[in-house]
Amino acid sequence: MKNIILTGDRPTGKLHLGHLVGSLMNRVKLQNEANYDEMYLMIADAQALTDNFENPEKVRDNVMEVAMFYLACGIDPSKVTIFIQSEVPALTELTFYYMNLVTVARLMRNPTVKSEIKLRGFDESIPSGFLNYPVSQTADITAFKANIVPVGDDQLPMIEQAREIVHSFNRIYGETLVEPNPVLPDSAYAKRLPGLDGKSKMSKSLGNCIYLDDSDEEIKRKVMSMYTDPNHLRVEDPGQVEDNAVFIYLDVFCRDEHFKKYLPDYENLDDLKSHYQKGGVGDVTIKKFLTNILIELITPIREKKQELMQNISYVYDVLKKGTAKAKEKANDTLSEVRKHMGINYLEDPNFLKEMQDKFRK
Ligand code: TRP
């Protein structure tokens, strides 16, 4: 079997550190390991419209923004097909057929959908397009026959739902679609990076993000505002490293060589943690250390993005070529789907004869 990778993001804003550790790093790693046959990266503008239908301009601006972040983070368009979801109409058509294979009750039980309904205050007036976005996501994945889907853990219910739809389709219409498997980041925190406020998730709507093009000053200001241990008031007080957002970030981002460079009094993170726990390390020390690490991480991304901002026609070209390629592949799958469903009437050379035999008296 071929290894085909597909992932995507909704273009509703700038990408942040949560995206970087939750999925972007994994994608670049997969791209460079070259252990795959095809790799697709989708800008999910149609999905973004399911809860931004009144703000199409927001989605429009962010399509280019997200594409620039992909390239700035090291996605190589000669290896990865980057495309725009709504420009591939086969995805919409597949969604319509798959909608028959899932009940409203099942969609309402999807934990991610459930919490998003709450967050957006849809209550009883849930737009049906929104409720169906997991079905559309199944179309995204299956149209490319993707078996590998690198995502953060909030997307697991989507993959689960996709697998169910694949099973139903194959059972009713015959073996056609490929079952997808999620690939999560290795570290627990990378699966879901908390926000600057220590809340469960870094998210634009919660306003607790460090963006991948923040300036050094912004990074510094944001890290200084981070949540630590509320009982660690004086330097000499013992501090907690659990539930301490600064240490959670250090767990994700810091490597031993950062100590030599920025905090040579300590060997490694365990060393720093045990001193902090005993008392004697100030929050400013750990925050300065984290600031340096994040500046080192983000500066090359920001600079690459600034270059791309001066060369939008290049990014446009990447999207245009990628989308053309994606269209072809998705159309092939759609033809197969229609054939297995027996609704490919006018492409099926047997249809005319079959109907003549049946109806001619
Ligand atoms: N739901 C994903 C998100 O919010 C975006 C997405 C759309 C996606 N289609 C996908 C992710 C297919 C993986 C595979 O980030």
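Cut-off values and rules
Residues numbered from 1 in each chain as written. Predicted model: local features only at pLDDT ≥ 70, side-chain atom pairs only at ≥ 80, totals over all residues. Heavy atoms only, no water. Domains from an automatic or database assignment. Contact = heavy atoms within 4.5 Å. Buried area = accessible area lost by both parts, 1.4 Å probe. Salt bridge = Lys/Arg side-chain N within 4 Å of Asp/Glu carboxyl O. Polar contact = N/O pair within 3.5 Å; in protein donor to acceptor, adjacent residues only side chain to side chain. Helix = DSSP H or I, 4+ residues; strand = E, 2+ residues; numbered from the N terminus. Near = heavy atom within 4 Å. Areas by Shrake-Rupley, 256 points an atom, 1.4 Å probe, with all protein chains shown as cover. Nonpolar A, V, L, I, M, F, W, Y, C, P; charged D, E, K, R; others polar. Buried < 20%, exposed > 50% of the residue type's maximum accessible area, 1.4 Å probe, protein only. Lys, Arg positive; Asp, Glu negative; His and termini not counted. Phe/Tyr/Trp six-rings, centres within 6.5 Å; stacked < 30°, edge-to-face > 60°. Lys NZ or Arg CZ within 6 Å of the ring centre and 35° of its normal. Arc of directions from axis to C-beta.

J.: Account for the domain arrangement of the protein chain, naming residues and giving values.
T.: Frequently, the measure chosen for interface size is the accessible area removed from exposure when the parts meet. Looking at the protein chain, the domain boundaries give domain 1 (4-192 + 312-356) and domain 2 (216-308). Placing a centre on the C-alpha atoms of domain 1 and another on those of domain 2 gives a separation of 36 Å. Opposite the 17 residues of domain 1 that make contact, domain 2 presents 12 residues. When domain 1 packs against domain 2, close to 1,200 Å² is buried across both sides, 83% of that on carbon and sulfur atoms. Together, Leu17, Ala72 and Tyr189 form the three largest contributors to the area buried by domain 1 at its contact with domain 2, with a combined 46%. The interface formed by domain 1 and domain 2 holds one salt bridge in total. Residue lysine 305 pairs with glutamate 65 through a salt bridge whose shortest N-O separation is 2.5 Å. Applying the counting rule to domain 1 against domain 2 returns two residue pairs in polar contact (both at pLDDT 80 or more). Listed by contribution, the elements that provide at least two residues to the side of domain 1 that touches domain 2 are helix H1 (17-33), helix H3 (56-72), helix H10 (188-191) and helix H16 (312-341). Of all the elements, H3 adds the most residues to the side of domain 1 that touches domain 2, at five residues.

J.: Which residues make up the site of the ligand, and what values go with them?
T.: Around the ligand sit 13 residues, and of these Met42, Gln47, Gln137, Asp140 and Gln155 come closest. At a separation of 3.3 Å, an oxygen atom of the ligand approaches a polar side-chain atom of arginine 10. Note that a nitrogen atom of the ligand is positioned 2.9 Å from one of the side-chain N or O atoms of glutamine 137. Notes on the ligand: free accessible area 360 Å², of which the protein chains cover 90%. When contributions to the shell around the ligand are tallied by element, the ones reaching two or more residues are strand S1 (4-9) and helix H8 (133-143). A breakdown of the residues in the shell around the ligand according to their chemical character gives six nonpolar, five polar and two charged.

J.: Describe the side chain of aspartate 229, and please don't skip the residues or the numbers.
T.: Following the sequence through the fold, aspartate 229 ends up in the loop between helix H11 (216-224) and helix H12 (245-253). An unpaired buried charge is present at aspartate 229: no salt bridge exists, and lysine 287, the closest side chain of opposite charge, is 12 Å distant. From its side chain, aspartate 229 meets the backbone nitrogen of asparagine 231 in a polar contact 2.8 Å long. In this structure the side chain of aspartate 229 is engaged in a polar contact, spanning 2.8 Å, whose partner is the backbone nitrogen of glutamine 240. Setting aside anything within four residues of it in sequence, one finds aspartate 229 in contact with Pro238, Gly239, Gln240, Asn244 and Tyr276.

J.: Describe unusual backbone geometry, and please don't skip the residues or the numbers.
T.: Phi is positive for alanine 34, which is not a glycine, with a value near 55°. Along the chain, alanine 34 turns up in the loop between H1 and strand S2 (38-43). Given a relative accessible area of 52%, alanine 34 falls into the exposed group.

J.: Which residues make up the packing of aromatic side chains, and what values do they have?
T.: Each aromatic ring pair is described using two quantities: the centre-to-centre distance and the angle formed by the ring planes. What the rule picks out here adds up to 11 aromatic pairs. Arranged with centres 6.0 Å apart and planes meeting at 75°, the rings of tyrosine 98 and phenylalanine 169 form a pair that is edge-to-face. In this pair, tyrosine 98 sits in helix H4 (residues 89-98) while phenylalanine 169 sits in helix H9 (residues 156-173), placing the two residues 71 residues apart along the sequence. Of the two residues examined, tyrosine 98 and phenylalanine 169, each falls in the buried class. Aromatic pair phenylalanine 259 and phenylalanine 289: ring centres 4.6 Å apart, planes at 45°, arrangement tilted. With phenylalanine 259 in helix H13 (residues 256-262) and phenylalanine 289 in helix H15 (residues 283-309), this pair connects stretches of sequence that are 30 residues apart. By the burial criterion, phenylalanine 259 is buried, and phenylalanine 289 matches it. Linked through ring pairs, Tyr40, Phe83 and Phe144 together constitute an aromatic cluster. The side chain of arginine 10 reaches across the aromatic face of tyrosine 133, ending 4.5 Å from its centre.

J.: Explain helix H14 (residues 269-278) residue by residue, including any values.
T.: The complete set of buried residues in H14 reads Leu269, Leu272, Lys273 and Tyr276. An end-on view of H14 places all buried positions within 100° of arc, on one side of the element. Of the exposed residues in H14, those oriented more than 90 degrees away from the buried face are Asp270 and Lys278.

J.: Can you explain the pattern of salt bridges? Please cite residues and give values.
T.: If you walk through the whole model with that rule in mind, you get 26 salt bridges. A salt bridge links aspartate 153 to arginine 192, with the shortest nitrogen-to-oxygen separation between them at 3.1 Å. Taken together, the residues aspartate 153 in the loop between strand S4 (148-150) and H9 and arginine 192 in the loop between H10 and H11 connect sequence positions 39 residues apart. Residue glutamate 296 is joined to lysine 261 by a salt bridge in which the shortest nitrogen-to-oxygen separation is 3.1 Å. One end of the pair, glutamate 296, is in helix H15; the other, lysine 261, is in helix H13, and 35 residues separate them in sequence. Here glutamate 296 falls in the partly exposed class, since its relative accessible area comes to 30%. Since its relative accessible area comes to 55%, lysine 261 is described here as exposed.

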